[in-house]
Amino acid sequence: MEADIVSRVDKLEAELQRLKYLVKAKTLHEYVIEELHRVKAIDELEINERLKKHELLKNRISSSVVVEDPQTVLDEVIGDRDEAFS
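First, a word on what this report is: a plain description of the structure on this page. (Residues numbered from 1 in each chain as written. Predicted model: local features only at pLDDT ≥ 70, side-chain atom pairs only at ≥ 80, totals over all residues. Heavy atoms only, no water.)

## Some thoughts on the overall build of the protein chain
- Per the secondary structure count, the protein chain includes 2 helices and 0 strands.
- Residue burial in the protein chain is summarised as follows: out of 86 residues, 3% are buried.
- Approximately 7900 Å² of the protein chain is accessible, and the part contributed by carbon and sulfur atoms is 61%. (Helix = DSSP H or I, 4+ residues; strand = E, 2+ residues; numbered from the N terminus. Buried < 20%, exposed > 50% of the residue type's maximum accessible area, 1.4 Å probe, protein only. Areas by Shrake-Rupley, 256 points an atom, 1.4 Å probe, with all protein chains shown as cover.)

## Focus on the pattern of salt bridges
- One pass over the full model with this rule turns up 5 salt bridges.
- Between Glu15 and Arg18 there is a salt bridge whose closest N-O contact spans 2.8 Å. Remark: Arg18 and Glu15 occur in helix α1 (residues 2-63); sequence separation between them is 3 residues, near one turn of the helix.
- Judged by relative accessible area, which is 34%, Glu15 ranks as partly exposed.
- Glu46 is paired through a salt bridge with Arg50; the nearest N and O atoms lie 3.4 Å apart. In this pair, Glu46 and Arg50 are both assigned in helix α1, 4 residues apart and thus about one turn of the helix distant. (Salt bridge = Lys/Arg side-chain N within 4 Å of Asp/Glu carboxyl O.)

Below, the structure is given as structure tokens:
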């Protein structure tokens, strides 16, 4: 009778350990999925923002092609580029 109780307790402990593992694995999986979605959204926003800044710089360069002092325009564009991508 006592051996039967010990056997049942051992089985329950093993089942408890299995369930704990499943809960940890599921929780970790959910956390990773949530983080991936969050990071992906941030990356997409950053990429779109950089594309907009790139287009603005490109348009500014093409509208400033005919100038009397090209070095001034170049310095201004480089300054804008550095600011946009920092």
